[in-house]
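Here is how the chains run, residue by residue.
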Amino acid sequence: MTRTPQTGGGPPNPGESIDPDGSVDPETTESLSARLEAAAQTRLGRSLAIRHVNTGSCNGCELELRALSNVLYDLERFGLRFVESPRHADVLLVTGPLTRNLRTALEQAWDATPDPKWVVAVGDCAVDGGVFKGSYAVLGGTGLSIPVDLTISGCPPPPARILAGLRSLLEANART
Ligand code: SF4
């Protein structure tokens, strides 16, 4: 069974944003970037740094994450960027089911991330184990190990939905 690639379609024109369903929405155009920037500045005083942690993914979610950095989605224009160390991160973005072998690694990443910090579980597997639920090697979702602030469902979730989720996290915390 196949489906249309989530990264299909041409790149948006300058100033255009992308809605959670993956289509370009010209009406919300510049406001997304401006709101994200304002939220990040209010809460954090800087851009939002994201550390990706894979606890046992099939790599499907990783393909969609990678697309966030391409010219179509261009994550960094919203003040969001991936970093290599949890010590430099504001957000732990977790993909894959929580496997027995990687539980300790996830908890070490959580401990190493400075406060304030948030955890985003991306993909059905990170939410509750997804299609791997019941496997001897899988404990369940990310929440069994560390507190989760936001879940983004889908198998895999499209890049635009991930981007919208990160935006909602920023805005919600900016209001607190
Ligand atoms: S949610 Fe789907 S694409 Fe993502 S890791 Fe699980 S099985 Fe793979």
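Residues numbered from 1 in each chain as written. Predicted model: local features only at pLDDT ≥ 70, side-chain atom pairs only at ≥ 80, totals over all residues.

What am I meant to see in the overall build of the protein here?
Tallying secondary structure elements over the protein gives 5 helices and 9 strands in all. Counting helices and strands in the order they occur from the N terminus, the protein gives β-β-α-β-α-β-β-β-α-β-α-β-β-α. Scored against the burial criterion, the 176 residues of the protein give a buried share of 39%. For the protein, contacts bridging at least 24 residues in sequence account for 77% of all contacts bridging at least 6. (Helix = DSSP H or I, 4+ residues; strand = E, 2+ residues; numbered from the N terminus. Buried ≥ 20, exposed ≤ 12 C-beta atoms within 10 Å, placed from the backbone. Contact = placed C-beta atoms within 7 Å.)

Just to check I follow, could you spell out unusual backbone geometry for this structure?
Backbone geometry follows two general trends: most residues other than glycine have a negative phi, and most peptide bonds adopt the trans configuration. The peptide bond linking Asp115 to Pro116 adopts the cis configuration, its omega dihedral lying at -5 degrees. Turning to its location among the elements, Pro116 is positioned in the loop between helix H3 (103–112) and strand S7 (118–122). Put simply, Cys155 and Pro156 share a cis peptide bond, and its omega is -10 degrees. In the Ramachandran plot, Asp74 falls in the positive-phi region, its phi being about 45 degrees despite a non-glycine side chain. With respect to the helices and strands, Asp74 occurs in the loop between helix H2 (60–67) and strand S4 (80–82).

Can you walk me through the environment of Gly165 in this structure?
Mapped onto the elements, Gly165 comes out in helix H5 (residues 159–175). Considering only alpha carbons, one finds Gly165 and Thr151, 14 residues apart in sequence, at a separation of 8.1 Å. When near neighbours in sequence (up to four residues on either side) are disregarded, Gly165 contacts Val120, Leu150 and Ile152.

Sorry, what's going on with the sheet that holds S4 here?
Two modes of strand pairing occur in sheets, parallel and antiparallel, and in both the strands are linked by backbone hydrogen bonds. Reading across the sheet, the 5 strands line up as S4-S3-S5-S7-S9 and stay open at both edges, with parallel pairing between neighbours. Two strands in the sheet have a free side with no partner beyond their single neighbour: S4 and strand S9 (150–152). On average, adjacent strands in this sheet sit at an angle of 25 degrees to one another, irrespective of strand direction. As judged from the 5 bridges shared by strand S5 (residues 91–95) and S7, these two strands associate in the parallel manner. (Pairing = 2+ DSSP bridges. Axes fitted to C-alpha atoms, helices over the stretch in contact; angles between N-to-C directions.)

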